[in-house]
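For reference, the chains in residue letters:
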Amino acid sequence: MSEITEKDLTLDEMIAQQEKERRRASRKQFWRVFLGRGFLSKACFAFLILFAFVAIFGPLLTPYSPYEQSLTEALAGPSLAHPLGMDSLGRDLLTRTIYGARISFCTGLLSSMFALVVGSVLGLIAGYSGGFVSGLIMRAVDAQLSIPGLILTMCLVAIFGGSILSVSVIIGISALPSYVRMLYGQVLSLRENDYVAAANLIGQNKFEIMLKHLLPNAFPTLIVMFTGSVGAAVMIESGLAYLGIGITAPTPAWGTMISEGYTVLMFKPLPAIVPGVALMLLIITLNIIGDGLRDALDPRLRGKL
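To start, this report covers the structure provided alongside it. The structure presented is a predicted model; accordingly, all values stated were derived computationally and were not measured.

What counts and what doesn't
Residues numbered from 1 in each chain as written. Predicted model: local features only at pLDDT ≥ 70, side-chain atom pairs only at ≥ 80, totals over all residues. Heavy atoms only, no water. Helix = DSSP H or I, 4+ residues; strand = E, 2+ residues; numbered from the N terminus. Buried < 20%, exposed > 50% of the residue type's maximum accessible area, 1.4 Å probe, protein only. Contact = heavy atoms within 4.5 Å. Areas by Shrake-Rupley, 256 points an atom, 1.4 Å probe, with all protein chains shown as cover. Expected span 1.5 Å × (residues − 1). Arc of directions from axis to C-beta. Salt bridge = Lys/Arg side-chain N within 4 Å of Asp/Glu carboxyl O.

## Quick word on the overall build of the chain
Consideration 1: From N to C terminus, the chain includes eleven helices and zero strands.
Consideration 2: In the chain, the succession of helices and strands from N to C terminus is α-α-α-α-α-α-α-α-α-α-α.
Consideration 3: When burial is assessed residue by residue, the chain has 38% of its 305 residues classed as buried.
Consideration 4: Looking at the chain alone, contacts between residues at least 24 apart form 69% of all its contacts between residues at least 6 apart.
Consideration 5: Within the structure as shown, the chain displays about 16600 Å² of accessible surface, and the carbon and sulfur contribution to it stands at 69%.

Here's what the structure looks like:
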């Protein structure tokens, strides 16, 4: 009896060790593919870390407040005290750009996380349940898709206000159909696999099957979609702020800064160019990282790279 126990323990240890090695090899392969796409992917990864660092530790990086005004220095050029100069109200342009990174990151992440969670739940239910519930969810999604996303977002922001939380939730609502339809299609395909049939045979309920089998297999696609939606959310938030119906002045949102700098663009371009370049770099960075995640997480592409 003791010999059998020792053999069982040895076998369990071997299985655990093999599982650790498999996970370690999978992580190495992920980073090899993700960072092995050339200089551009590495640069974008470094840019994203830099943007995140600036967004988190912004108040520690500048001695000024984004609301502090010095009207005598309005539209002053770059100097040692103010490396990027001042805006039309005498506020430090670098400080407002740094704080604007926090606004953009918060809005993009909150809205995308809202769409990811709610859209995943609705897509799982619609794809696996079928019948009346599936038809109700998908017809509601079709109804929302019949309304242009920007128009819907503008109307909802005008009704519920332009706070960071309300803008994030509204942008997340506009992104819901993409998540629901994507996961719905994934679940329709995955639920026909043998492991789902086996889970049904051993008595697992629908909730367990959706969380333990269907969602993990659709997770790589969700992650890629999430990175793309963060960039889209940042763009929508900046567009709303530029139009004056989103996060409005004096909050240092990049869209608001571009709108304010546009009035003096011809003779003082920095107040509009600096936040515009920051916005462009962030969106390009997120899109390229999304492509890299797709290559690294898709098993069909791993073997080709």
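## Structural notes on helix H4 (residues 131-145)
Consideration 1: An ideal rise of 1.5 Å per residue puts 21 Å on 15 residues; H4 measures up with 21 Å between its terminal C-alpha atoms.
Consideration 2: Listing the buried residues of H4 in full gives Ser134, Ile137, Met138, Val141 and Gln144. Within H4, the buried residues cover an arc of 115° as seen down the axis, which keeps them to one side. The exposed set on the far side of H4, more than 90 degrees from its buried face, consists of Gly131, Phe132, Leu136 and Arg139.
Consideration 3: Here the buried face of H4 lies against helix H3 (93-129), helix H5 (149-160) and helix H6 (164-190).

## Some remarks on the pattern of salt bridges
Consideration 1: Taken as a whole and assessed by the stated rule, the structure comprises five salt bridges.
Consideration 2: A salt bridge links Arg96 to Asp87, with the nearest nitrogen and oxygen atoms 3.8 Å apart.
Consideration 3: Where Arg139 meets Asp142, a salt bridge forms, and the shortest distance between an N and an O atom there is 2.9 Å. Of the two residues, Arg139 and Asp142 both sit in helix H4, three residues apart, roughly one turn of that helix.
Consideration 4: A relative accessible area of 51% places Arg139 in the exposed class.
Consideration 5: Connected via shared salt-bridge partners are Asp87, Arg91, Arg96 and Glu260.

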